[in-house]
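Each chain is listed here by its residues.
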Amino acid sequence: MEQAGSGEGKAEKDGPVHVLTASPSAVGPAWGRLVEKLADAGFTVHKLWEQADADTFFANDGDQIKAVVPGHEGVNGEMMDRLPNLEIIANFGVGYDAIDVNAAKDRGIRVTNTPDVLSDDVADLALALMLDVSRRLTLADRYVREGKWEEGNFPIQRKVSGKKVGILGLGRIGQAIASRASAFHMKVAYHGRHEKSGVPYEYHSSLVDLAKACDFLVIACPGGASTRHLVNKEVLEALGPKGCLVNIARGSVVVESELVKALAEGRLGSAGLDVFEDEPRVPEELRKMDNVVLQPHIGSATFETREDMADLVVRNLTAHFSGKELPTPVA
Ligand code: NAP
């Protein structure tokens, strides 16, 4: 069994606290630092992705595990049942749509996430996508590299500054996007379930009306059942042939097949996408489109932010196992 940490826990009361890090996409520097920080805090870390056989691990060691740190794959009720002494799920991310929070509540398992520390990065990426898609920066880079500049100038593109951006979900990330867009002298409007008090942006109670009124529609709401397929054919039609859809939230919010059709048929102008319905699989049609910029779900993927996220995961776990209030609980 792969483990990290001395087991001489600083955080635990009755012997080492066993933590399962459960992301299949976990191999990489960010998760490596998270595992180091967990070990430094005194936790015994089991890396699920390194187990030869997950079923054997759950059967032999499942009862030792008191905490799980998942990534995008989340934790369902079945996995909770295989970890009978699980007390807390400390998500390595702000979006916890892949964690069955009701199943956790039913079992008395706490859930935490990593809000705020990543908002700047994700908002930066939203602006980068708006700029890239509108000015075709990725395409222009290829144009230079492929020697095409010597054959003629790159086609003229569309301006970003001064345009109107609609934000679906004016939460922490949505507001960080709004303040950046304001610095570009853009008009900002938003849609959510409720009008927010104390924000200077125009509220639209209808998402279709917001899409009609905007040049860019940026999705910044959570994933999950309540937002599934909010951005449908009607919304895309409303955004229109000059409109641009930017999604840095979750692929599940968009009807991806309708997005592909709208782009292919010119009913939607362009798109900048960090997230997809069936990651890491991205529709072949999208990959071929020049009016689309594609990113491999990297909204929070900077060294600085992943350090902060890892610290927050550790702070939540340490607080829980010391009987203190959780810094960022969701359940
Ligand atoms: P947040 O502060 O909770 O904001 C979410 C906003 O969405 C809230 O303002 C909420 O407003 C709105 N909302 C919730 N349900 C809605 C619904 N059914 N219809 C319309 N609006 C709805 O969350 P955050 O920290 O900004 O994060 C937002 C999401 O970004 C995360 O959940 C995650 O999925 C995604 N994310 C992606 C990346 C990436 O790598 N691309 C990184 C981090 C986060 P109301 O309650 O007023 O409706």
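The name an unreviewed UniProt entry assigns to the chain is D-isomer-specific 2-hydroxy acid dehydrogenase superfamily, from the organism Klebsormidium nitens. Recorded in UniProt for the chain, the comment headed Sequence similarities (unreviewed entry) runs: "Belongs to the D-isomer specific 2-hydroxyacid dehydrogenase family."

### Brief notes about the sheet that holds strand β12 (residues 270-273)
Spatial strand order, β9-β8-β7-β10-β11-β12-β13: seven strands in an open sheet with parallel pairing. Sheet topology places β9 (202-203) and β13 (292-294) at the edges, where each strand pairs with a single neighbour. Here strand β8 (residues 187-191) pairs with β9 via two bridges, running parallel. Bridged to Tyr-190 within β9 is Tyr-203. Relative to the sheet, helix α5 (residues 119-135) contacts β7 (164-168), β10 (216-219), β11 (244-247), β12 and β13, its axis offset from that of β12 by approximately 145°.

### Points about empty space enclosed by the protein
Leftover empty space is mapped by rolling, across the atoms, a probe with the size of a water molecule. Overall, the coordinates contain one cavity of 30 Å³ or more when judged by the stated rule. Quantified by volume, the largest cavity comes out at close to 50 Å³. Residue lining of the largest cavity: Asn-247, Gly-251, Val-254, Glu-256, Leu-259, Leu-273, Val-275, Phe-276 and Glu-277, and that is the complete set. Its residues assigned to classes, the lining of the largest cavity shows five nonpolar, two polar and two charged.

Here is what the cut-offs are and how they apply
Residues numbered from 1 in each chain as written. Predicted model: local features only at pLDDT ≥ 70, side-chain atom pairs only at ≥ 80, totals over all residues. Heavy atoms only, no water. UniProt positions renumbered as here; feature names shortened; annotations may be inferred. Pairing = 2+ DSSP bridges. Helix = DSSP H or I, 4+ residues; strand = E, 2+ residues; numbered from the N terminus. Contact = heavy atoms within 4.5 Å. Axes fitted to C-alpha atoms, helices over the stretch in contact; angles between N-to-C directions. 1 Å grid on protein atoms, 1.4 Å probe; cavity = no way out; pocket = protein on both sides within 12 Å on 5 of 7 lines; lining within 4 Å. Points joined across faces, edges and corners; volume = space filled by probe spheres on them. Nonpolar A, V, L, I, M, F, W, Y, C, P; charged D, E, K, R; others polar.

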